[in-house]
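# Structure at a glance
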Amino acid sequence: MPYDQHQQPVTAVQLNHTNVYATDQRLSAEFIAEVLGLKVSAPAGPFLPVDLGNGVTLDYYEKRDEPIQAQHYAFLVPDDQFDAMIARLDAIRVTYYADPRLTDAGRINHLFGGRGAYFTDPDGHVMEIITRPYIRR
Ligand SMILES: [Fe+2]
């Protein structure tokens, strides 16, 4: 039986890690860690990890041979940390948006009874913070 990082048996499939491509892995890892209130871990081989606290790691990986295709990453965040994240975006002058098309600047949304916002990282990855998960039907 497989075990998680706390040596608990894994009883369901979970996302464990994914690579996030960056032109400057340090810049991008520090960026998301700062906004989310996390830390960048020690490099692991070519990867610069940011542990999200739920067992998922973003492994920032430098890719300079071709343009980086923008991806979308959504983070479910504690309600009581949302305002601080918005404040940190303001502090580093990163515009946030209420919508995924990035047209409604400086506003947040209230989908599913929570709060949410979108912003881009240094390589154009569209990051999303939400306090309530999407309700999918
Ligand atoms: Fe999303």
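So, here is what we can say about the structure in this document. None of the values given here were measured: they were computed from a predicted structure. (Residues numbered from 1 in each chain as written. Predicted model: local features only at pLDDT ≥ 70, side-chain atom pairs only at ≥ 80, totals over all residues.)

## Describing the sheet that holds strand β4 (residues 72-76)
Reading across from one edge, β4-β6-β5 is the order of the three strands in this open sheet, with mixed pairing throughout. Pairing within the sheet leaves two strands with one partner each, and these edge strands are β4 and β5 (116-120). Going from strand to strand, the sheet's axes swing by 20° on average, the running direction of each strand aside. Relative to strand β6 (residues 126-130), β5 is paired through five bridges, and the arrangement is antiparallel. In the sheet register, glycine 116 faces β6, and the bridge partner there is isoleucine 130. (Pairing = 2+ DSSP bridges. Helix = DSSP H or I, 4+ residues; strand = E, 2+ residues; numbered from the N terminus. Axes fitted to C-alpha atoms, helices over the stretch in contact; angles between N-to-C directions.)

## Side note on the sheet that holds strand β2 (residues 47-51)
Hydrogen bonds along the backbone pair up the strands of a sheet, which may run parallel or antiparallel. Spatial strand order, β1-β3-β2: three strands in an open sheet with mixed pairing. In the strand order of this sheet, the two ends are held by β1 (17-22) and β2, each with one partner. Taken pair by pair, the neighbouring strands of this sheet meet at an average axis angle of 30°, ignoring direction. Pairing geometry for β2 and strand β3 (residues 57-62), over five bridges, is antiparallel. Across the sheet, phenylalanine 47 pairs through a bridge with tyrosine 61, a residue of β3.

## A word on the nonpolar core
Residues Ala29, Ile32, Val50, Tyr60, Ala117, Tyr118 and Phe119 are the most contacted members of the largest nonpolar core, which totals 23 residues. If you list the elements that add at least two residues to this core, you get β1, α1 (25-36), β2, β3, β5 and β6. Residue contributions to this core peak at five residues, all from α1. (Core = buried A, V, L, I, M, F, W, Y, C linked by C-beta atoms within 7 Å. Buried ≥ 20, exposed ≤ 12 C-beta atoms within 10 Å, placed from the backbone.)

## Focus: the packing of α1 against helix α2 (residues 79-91)
For the pair α1 and α2, the least separation of the axes is 8 Å and the interaxial angle reads 135°. Put simply, α1 runs oblique to α2. Judged by residue contacts, Glu34, Val35 and Leu36 of α1 engage Met85, Arg88 and Leu89 from α2. Split into classes, the residues belonging to the contact of α1 with α2 amount to four nonpolar, no polar and two charged. (Parallel < 35°, antiparallel > 145°, perpendicular 65-115°, else oblique. Contact = placed C-beta atoms within 7 Å. Nonpolar A, V, L, I, M, F, W, Y, C, P; charged D, E, K, R; others polar.)

## Considerations on unusual backbone geometry
Despite not being glycine, leucine 102 has its phi angle at roughly 60°, a positive value. Within the secondary structure, leucine 102 sits in the loop between α2 and β5. At phenylalanine 112, a residue that is not glycine, the phi angle is positive and equals roughly 60°. Along the polypeptide, phenylalanine 112 turns up in the loop between α2 and β5. Under the C-beta neighbour-count criterion, phenylalanine 112 is labelled partly exposed, with 13 such atoms within 10 Å.

## Observations concerning the environment of arginine 64
When you line up the elements, arginine 64 lands in the loop between β3 and β4. The exposure class assigned to arginine 64 is exposed, which follows from the 10 C-beta atoms found within 10 Å. Each C-alpha atom of the pair arginine 64 and aspartate 24 lies 8.7 Å from the other, and the pair is 40 residues apart in sequence.

## Topic: α1
The end-to-end C-alpha distance of α1 is 16 Å, a good match for the 16 Å that 12 residues give at a rise of 1.5 Å each. Among the residues of α1, those classed as buried are Gln25, Ser28, Ala29, Phe31, Ile32, Val35 and Leu36. Down the axis, α1 shows its buried residues gathered within 155° of arc, on one side only. Following α1 by one or two positions, glycine 37 adopts a phi angle in the positive range, close to 75°. (Expected span 1.5 Å × (residues − 1). Arc of directions from axis to C-beta.)

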